Each structure stands twice: as C-alpha cells, then as structure tokens.
Amino acid sequence: LIRKTAVKLLHCGKKRVKFNKNISKIPEFIPHKKSVKLLKKKNILLKKPINGVSRYRHKIRNLKKHMGRKQGLGHRKGTKNARKNQKLLWMQHIRLFRKFLRKIKFTKKNSSFSFKILLDKVKGNFFVSKKHLISYIKNKKLNSSEVANFSRDR
C-alpha cells in the first residue's frame, strides 16, 4: 500500500519506487501522504532514475571513424561529391599554387621567370602538388635560386 501512495506522490511507475536496502527495518506506517513524505525525507523510499539510451557505443563508433575505420563502400550513402566537395578541393588546390607563385613573383630578381606560363599550367591542372611545381621550376631553371629558398621556408 505504501508503494501505491508513493507512486502518486513521486509521479512515477511502480517499478521506479524502491526501498533503501541499507535500512534493515522499514517502519510500518499507515499509507498516507504525510507518512510517505517522511519516508522520502529519511531516504527510505527512493525513486530510481530513468534509464536513458547509453552513448557508449556511439562514442566508440565515432572514435573508430576518426581513426579512419567504418568508411568503406558499405557505409557510404552520399555521393563522392556530397562527402567531399570537389569544387572546394579544387579551390584549395589552386589557391595554394597561386599563393606560392605570387610569393616568387614579388621576390624575383631575374626577368627570366615566366609567371604567366606557370599560371596557365596551374589552371590547366598540370601540377599534382607543390613539390611538383617546385621541381618543374628547378628543372626549367626559372629563377631557381628564389625557389630553393622558398622550398626550405615552407
């Protein structure tokens, strides 16, 4: 009977009302609201917390994804472009090259440096990486002294 009144007072179900195990003798009260409140104050009657959905598995999955796992073909739903925007990648790629070429242009001493030709090659996706661009300039001997300095500074 105490449990039934406790259910109404604690605003929860029968399963969530719990008697404290540490206390050996539970005093027998007449099931009134006052007596139930008194039991609650003395920590004889307890209300179990709601069992939420654990985020443990979710955290582990995210950790594995961060490490590079769980990203194979079976796990993909979006297109290649939706997952990594090709235009943004291209913009980053081209900005890196143009910034590098601008640096060289401003510090050049010899007039043999063909800036326009290199810019066109960059726009045409001729160079795979910054290293490739540096090696190309060194091979063509276009202002190689400045390029050597920039490759060290990176």
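All values reported here derive from a predicted model rather than from experimental measurement. (Residues numbered from 1 in each chain as written. Predicted model: local features only at pLDDT ≥ 70, side-chain atom pairs only at ≥ 80, totals over all residues. Heavy atoms only, no water.)

(A) Broad picture of the overall build of the protein. Within the protein, the secondary structure is distributed over eight helices and two strands. The secondary structure elements of the protein, listed N-terminal to C-terminal, are α-β-α-β-α-α-α-α-α-α. Here the protein holds 154 residues, and 22% of them are scored as buried. Considering only residue pairs separated by 6 or more positions, the protein has 57% of its internal contacts joining residues 24 or more positions apart. Accessible surface computed for the protein: about 12800 Å², of which carbon and sulfur atoms make up 54%. (Helix = DSSP H or I, 4+ residues; strand = E, 2+ residues; numbered from the N terminus. Buried < 20%, exposed > 50% of the residue type's maximum accessible area, 1.4 Å probe, protein only. Contact = heavy atoms within 4.5 Å. Areas by Shrake-Rupley, 256 points an atom, 1.4 Å probe, with all protein chains shown as cover.)

(B) Broad picture of the packing of aromatic side chains. Counted under the stated rule, the structure contains four aromatic pairs. Ring geometry for Phe126 against Tyr136: centres 5.5 Å apart, planes inclined by 70 degrees, an arrangement best described as edge-to-face. Of this pair, Phe126 sits in the loop between helix H6 (115-123) and helix H7 (130-140) while Tyr136 sits in helix H7, and the two are ten residues apart along the sequence. What makes Phe126 partly exposed here is its relative accessible area of 40%. A residue is classified by how much of its surface remains accessible, and Tyr136, at 16% relative accessible area, is buried. (Phe/Tyr/Trp six-rings, centres within 6.5 Å; stacked < 30°, edge-to-face > 60°.)

(C) How the structure looks around unusual backbone geometry. Even without being a glycine, Asn43 presents a positive backbone phi close to 60 degrees. Under the relative-accessibility criterion, Asn43 is labelled partly exposed at 45%. Even without glycine at this site, Lys70 takes up a positive phi of about 55 degrees. On the secondary structure map, Lys70 appears in the loop between helix H3 (56-67) and helix H4 (80-83).

(D) Spotlight on the confidence of the model for the protein. Model confidence for the protein is summarised by a mean pLDDT of 84, while 82% of its residues fall at 70 or above. Looking at the elements of the protein, mean pLDDT is at its lowest for helix H8 (residues 144-153), recorded as 57, and at its highest for H3, recorded as 97. (pLDDT = per-residue confidence, 0-100.)

(E) Up close: the packing of helix H5 (residues 86-107) against H7. For the pair H5 and H7, the least separation of the axes is 10 Å and the interaxial angle reads 35 degrees. You can see that H5 and H7 cross each other, and the crossing is right-handed. Taken together, the residues of H7 that come into contact with H5 (itself represented by Leu96, Phe97, Phe100, Leu101 and Ile104) are Lys130, Leu133, Ile134 and Ile137. (Axes fitted to C-alpha atoms, helices over the stretch in contact; angles between N-to-C directions. Left-handed = near helix turned anticlockwise from the far one by under 90°.)

(F) Structural detail: the pattern of salt bridges. This structure, assessed with the given rule, holds one salt bridge. Linking Asp120 and Lys116 is a salt bridge whose minimum nitrogen-to-oxygen distance equals 3.3 Å. Of this pair, Asp120 and Lys116 both sit in helix H6, four residues apart, which is roughly one turn of that helix. Of the residues examined, Asp120 reaches a relative accessible area of 43% and is grouped as partly exposed. (Salt bridge = Lys/Arg side-chain N within 4 Å of Asp/Glu carboxyl O.)

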